[in-house]
Amino acid sequence: MTGRDHLLDLALARSAVDRAAEHRTDQAWLSAAWSSPRVQVVRTSRGSGAVVGDPPALALDVVPDVGVDRRFFLGVDGDRSFFSVELDESDTDETFRSLRDVGLLLGARDAGLVVHGVALANWHATHQHCPRCGAPTRVAAAGHTRVCEVDGSEHYPRTDPAVIMAVVDADDRLLLGRQSAWPEGRFSTLAGFVEPGESLEQAVRREVEEEVGVEIGEVDYLGSQPWPFPSSLMLGFIARATTVEIDDGDGEIAEARWFTRAGLRDDVRQARVLLSPPVSIARRLIEHWYGEPITDSTDTWR
């Protein structure tokens, strides 16, 4: 399965803003952009974005009074420049909503902006010291690097690649699993992080065999989506199983089952099976196999 016609349409992979990286180290330009009446500021807080309206849109017109080291430059769209600022939600009366809740409802520009802002905020919150010497680091490149104040080394935002796969057997059944920490009835596609020195295809085969003991042959790419919880890039695949017997694997999966389309439809309608939210790549992989959107009551599942 190759070609653009088979790639997934993913809610958090619709960025429509020019990141304009050439401006990140131009302090005069950044200062002028921040002071411009055309500036737009994404306010984030703990993985959520400030929104207004119904359907929701990002609240962008308030410019917080914060220092340069808290302004993360996101890009430009025409004559507008975009920054993000991480706030303490308790210090403002704005309405913040999680990407899991509103990512599918936001337009392409807003979805891309809030994903970018949340990802940067998450990274800065956990990387304030140099991994080489332990000294404090400072924000640089308009939020896209940190620099050690002692040895001068530069450090860049971390992105963890993770494979996520719709495993399908020779009878066109779909394999879904339930993690041990999930409630009864919650099923999703299998997924796992890519290990050092491993290709994406190798990671797909290893993860499926480790988790459920099923062997994989052909692996085809379907699309990717940033998932800043806190720093993942989800890479979606369809994986063709060459065996179908399921075992307990490494214990991460509490239950795994093969589903036919009719069986999955009936289980979802009867609430015996709960799926991942529509904003997730897991849900899009399932619906890609199923052939159409699936309606259930899990749109705000966290």
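## Brief notes about the overall build of the chain
Across its full length, the chain holds six helices and 15 strands. The C-alpha radius of gyration computed for the chain amounts to 21 Å, which stays within 12% of the reference 19 Å derived for 302 residues, consistent with globular compactness. Projected onto its principal axes, the C-alpha coordinates of the chain cover approximately 60 × 45 × 40 Å. For the chain, with 302 residues in total, the buried portion stands at 49%. Looking at the chain alone, contacts between residues at least 24 apart form 64% of all its contacts between residues at least 6 apart. Carbon and sulfur atoms make up 47% of the accessible area of the chain, which totals about 14,500 Å². Measuring between centres, the 31 positive side-chain charges of the chain sit 4 Å from its 49 negative side-chain charges.

## Notes on the environment of R24
Locating R24 in the fold gives a position in the segment before α1 (27-35). The class of R24 is buried, set by a relative accessible area of 15%. Taking the C-alpha atoms as reference points, R24 and D91, separated by 67 residues in sequence, lie 28 Å from one another. Among residues more than four places away in sequence, those in contact with R24 are R19, L30, F73, A141, A142 and H144.

## What to know about helix α4 (residues 200-212)
A rise of 1.5 Å per residue sets the reference length of α4, with its 13 residues, at 18 Å; its end C-alpha atoms lie 18 Å apart and thus fit the reference within 8%. Considered for burial, the residues of α4 that qualify are A203, V204, R206, E207, V208, E211 and V212. Close packing links the buried residues of α4 with β10 (160-168), β11 (174-179), β12 (190-193), β13 (216-227), β14 (232-241) and β15 (253-259). The first or second residue beyond α4 is G213, which carries a positive phi of 75°.

## Describing the side chain of E198
Following the sequence through the fold, E198 ends up in the loop between β12 and α4. Among the polar contacts made by the side chain of E198, one reaches the main-chain amide nitrogen of E195 at a distance of 2.9 Å.

## As for the side chain of S81
Here S81 lies in strand β5 (residues 80-86). When sequence neighbours within four positions are dropped, the list of residues in contact with S81 reads W29, A33, R38, V39, Q40, F73, G75 and V76.

## Here's the deal with the sheet that holds strand β8 (residues 145-148)
Read across the open sheet, the three strands follow the order β7-β8-β9; overall the sheet is antiparallel. Each edge of the open sheet is held by one strand with a lone partner, namely β7 (137-140) and β9 (154-155). Taken together, the two bridges between β8 and β9 define a ladder with antiparallel strand orientation. Bridge pairing links V147 to E154 in β9. Against the sheet, helix α3 (residues 108-126) contacts β7, β8 and β9, and its axis sits at roughly 20° relative to β8.

## Things to note about the pairing of strand β4 (residues 72-77)
The side chains of a regular strand alternate, first on one face of the sheet and then on the other. When you tally the buried positions in β4, you get five out of six residues, the bulk of the element. Hairpin geometry of β4 and β5 is characterised by an intervening segment of two residues between the two adjacent antiparallel strands and by a positive phi of about 65° at G78.

## Some details on unusual backbone geometry
The amide bond that connects D54 to the next residue, P55, takes the cis arrangement and shows omega of 5°. Position of P55 relative to the elements: it lies in the loop between β2 (48-52) and β3 (57-58). Here the amide bond leading from F229 into P230 is cis, since omega sits at 5°, within 30 degrees of zero. Following the sequence through the fold, P230 ends up in the loop between β13 and β14. Of note in the backbone geometry, R46 takes a positive phi value of approximately 55° without being a glycine. R46 sits in the exposed class, given a relative accessible area of 72%.

## Considering the packing of aromatic side chains
Two aromatic rings, taken as a pair, are described by how far apart their centres are and by the angle between their planes. For the structure shown, the criterion picks out seven aromatic pairs. Their ring planes at 75° and their centres at 5.7 Å tell us that F187 and F259 sit as a pair that is edge-to-face. One end of the pair, F187, is in the loop between β11 and β12; the other, F259, is in strand β15, with 72 residues separating them in the sequence. Of the two residues, F187 and F259, neither departs from the other in class, the shared state being buried. For the pair Y221 and F237, a centre-to-centre distance of 5.7 Å together with 70° between the ring planes defines the contact as edge-to-face. Separated by 16 residues along the polypeptide, Y221 in strand β13 and F237 in strand β14 bring together distant segments of the chain. Ring pairs connect the aromatic residues W29, W34, F73 and F83, which therefore count as one cluster.

Thresholds applied
Residues numbered from 1 in each chain as written. Predicted model: local features only at pLDDT ≥ 70, side-chain atom pairs only at ≥ 80, totals over all residues. Heavy atoms only, no water. Helix = DSSP H or I, 4+ residues; strand = E, 2+ residues; numbered from the N terminus. Rg over C-alpha atoms; globule rule 2.2 N^0.38 Å. Buried < 20%, exposed > 50% of the residue type's maximum accessible area, 1.4 Å probe, protein only. Contact = heavy atoms within 4.5 Å. Areas by Shrake-Rupley, 256 points an atom, 1.4 Å probe, with all protein chains shown as cover. Lys, Arg positive; Asp, Glu negative; His and termini not counted. Charge placed at Lys NZ, Arg CZ, Asp CG, Glu CD. Expected span 1.5 Å × (residues − 1). Polar contact = N/O pair within 3.5 Å; in protein donor to acceptor, adjacent residues only side chain to side chain. Pairing = 2+ DSSP bridges. Axes fitted to C-alpha atoms, helices over the stretch in contact; angles between N-to-C directions. Phe/Tyr/Trp six-rings, centres within 6.5 Å; stacked < 30°, edge-to-face > 60°.

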